[in-house]
Amino acid sequence: MSAPVLGAPATRAPATSAPAARRASLTPLLLHAALILGAAAALLPTFWMVSASLMPTGEANSFPPRLLPSVPTLEHYGAVFGRLNLGRYLLNSSIVAISGTLCALLINAMAGYAFAKLQFRGRDRLFRILLGALVIPAQVGMLPLFLLLKKMGLVNTYVGAIVPVMASVFGIFMIRQYALSIPDDLLDAARIDGAGELRIFATIVLPVITPILATFAIFTFINTWNDFMWPLIVLSDESRYTLPVALANLSGEHVQDTELMMAGSVVTVLPVMLAFLFLQRYYVAGVMVGSVKG
């Protein structure tokens with residue numbers, strides 16, 4: 001048994017002080033508390049909107065404001081679907097948002113794949129021009145687009161309402177960046193086997209880019225459903241109004257009916273919230289995988 005060397009300093013494990021240990025244990029708790037407070041602050045307006053829509057008439061305007069209804073009632077929902085005919089506007093929004101999303105998926109997916117994998121003259125130059133269009137505000141193009149649609153007879157039609165959604169520079173860019181990860185050898189092998197470009201796109205490309213298409217579909221659907229400016233410009237017939245336009249129009253007539261307007265707001269917000277909740281995993285997968293592959 002070896003004897004200890006005289007004069008050698010003893011080796012000690014670094015001791016963690018009690019205050020440092022307490023701080024280390026409190027940090028996660030404080031972080032979670034801050035996140036919970038932030039989530040509560042973000043959800044409070046939505047919670048009050050739903051609560052106010054269930055309050056009896058006049059209760060939402062009381063002071064101090066009530067957080068919960070004294071006697072919950074669904075009379076305001078009956079009024080918005082019956083007297084205010086909000087069901088018609090809900091159908092209009094569904095037609096515009098769903099049709100616009102489907103058209104945008106097809107057109108942007110084909111354009112993004114073409115810019116990523118097909119060789120044609122001026123491809124890179126045209127793509128750079130498209131990217132330059134990202135800095136132009138959408139409002140700048142509304143007047144020329146409206147005049148063009150007027151010449152084509154598409155003003156005050158559902159088609160005119162979905163035209164700006166059909167092709168998006170951001171959507172083409174996003175899908176193109178994702179499609180760059182498709183191996184060229186896989187596409188060349190399909191061409192050697194005699195497959196045409198449409199068949200390659202349908203059987204090989206679409207299954208690969210499904211995650212980014214789901215992400216883009218959520219973006220497009222939510223933006224189209226919530227869009228107020230363009231439907232207000234292009235739709236002149238009240239029977240074709242979408243929900244945001246109709247709700248803004250009704251708010252001027254029923255400015256004091258807070259509970260009624262909150263019921264209409266719930267009807268407007270609920271479909272996009274449900275769509276996001278049901279497609280959330282596809283949205284997260286598309287963003288995460290796209291960021292890794294990009």
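Note that the coordinates shown come from a computational prediction; the quantities given were computed from them, not determined experimentally.

On to the packing of helix α3 (residues 86-117) against helix α10 (residues 210-226), then. Where α3 contacts α10, the axes come no closer than 9 Å and their chain directions differ by 145°. In this structure, the crossing between α3 and α10 has a hand that is right-handed. For the pair α3 and α10, contact is made by L90, S93, S94, V96, A97, I98, G100, T101, A104, L105, N108 and A109 and by L213, F216, A217, T220, F221, T224 and W225, respectively. Grouping the constituent residues of the contact of α3 with α10 by class yields 12 nonpolar, 7 polar and no charged.

Our next topic: the packing of α3 against helix α4 (residues 123-132). Taken N-terminus to C-terminus, the directions of α3 and α4 make an angle of 130°; their axes are 9 Å apart at the nearest point. Our classification of the angle between α3 and α4 gives oblique. Read as a crossing pair, α3 and α4 show a hand that is left-handed. Together, A114, F115, A116 and K117 of α3 and R123, L126, F127 and L130 of α4 make up the contact between the two elements. Of the residues assigned to the contact of α3 with α4, the class counts are 6 nonpolar, no polar and 2 charged.

Of note in this structure, N156 is not a glycine but carries a positive phi near 65°. With respect to the secondary-structure elements, N156 resides in the loop between α5 (142-152) and α6 (158-166).

For the rest of this paragraph, the subject is the pattern of salt bridges. Going through the model one piece at a time under the given rule, you end up with 5 salt bridges. R191 serves as the salt-bridge partner of D188, at 3.1 Å between the closest nitrogen and oxygen. With D188 and R191 both in helix α8 (residues 184-192) and 3 residues apart, this pair spans about one turn of that helix. For D188, a relative accessible area of 36% puts it in the partly exposed group. Classification of R191 as partly exposed rests on a relative accessible area of 28%. Across the pair R191 and E197 runs a salt bridge whose closest N-O atoms are separated by 2.7 Å. Of the residues examined, E197 reaches a relative accessible area of 35% and is grouped as partly exposed. In the salt-bridge network here, residues are joined through shared partners; they are D188, R191 and E197.

Further remarks concern the confidence of the model for the chain. Residues of the chain with pLDDT of at least 70 account for 85%, and the chain-wide mean is 83. Of all helices and strands in the chain, the one with the weakest mean pLDDT is helix α14 (residues 280-293) (61), whereas α3 scores best (92). In the model, residues 290-294 has pLDDT below 50 throughout and makes 4 contacts with residues more than four positions away in sequence or in other chains.

Our focus in this paragraph is the environment of S93. Topologically, S93 is positioned in helix α3. Overall, the relative accessible area of 3% leaves S93 in the buried class. Considering only alpha carbons, one finds S93 and L243, 150 residues apart in sequence, at a separation of 6.0 Å. Once residues within four sequence positions are removed from consideration, S93 is found in contact with W225, T242, L243 and P244.

Conventions and cut-offs
- Residues numbered from 1 in each chain as written.
- Predicted model: local features only at pLDDT ≥ 70, side-chain atom pairs only at ≥ 80, totals over all residues.
- Heavy atoms only, no water.
- Axes fitted to C-alpha atoms, helices over the stretch in contact; angles between N-to-C directions.
- Helix = DSSP H or I, 4+ residues; strand = E, 2+ residues; numbered from the N terminus.
- Left-handed = near helix turned anticlockwise from the far one by under 90°.
- Contact = heavy atoms within 4.5 Å.
- Nonpolar A, V, L, I, M, F, W, Y, C, P; charged D, E, K, R; others polar.
- Parallel < 35°, antiparallel > 145°, perpendicular 65-115°, else oblique.
- Salt bridge = Lys/Arg side-chain N within 4 Å of Asp/Glu carboxyl O.
- Buried < 20%, exposed > 50% of the residue type's maximum accessible area, 1.4 Å probe, protein only.
- pLDDT = per-residue confidence, 0-100.

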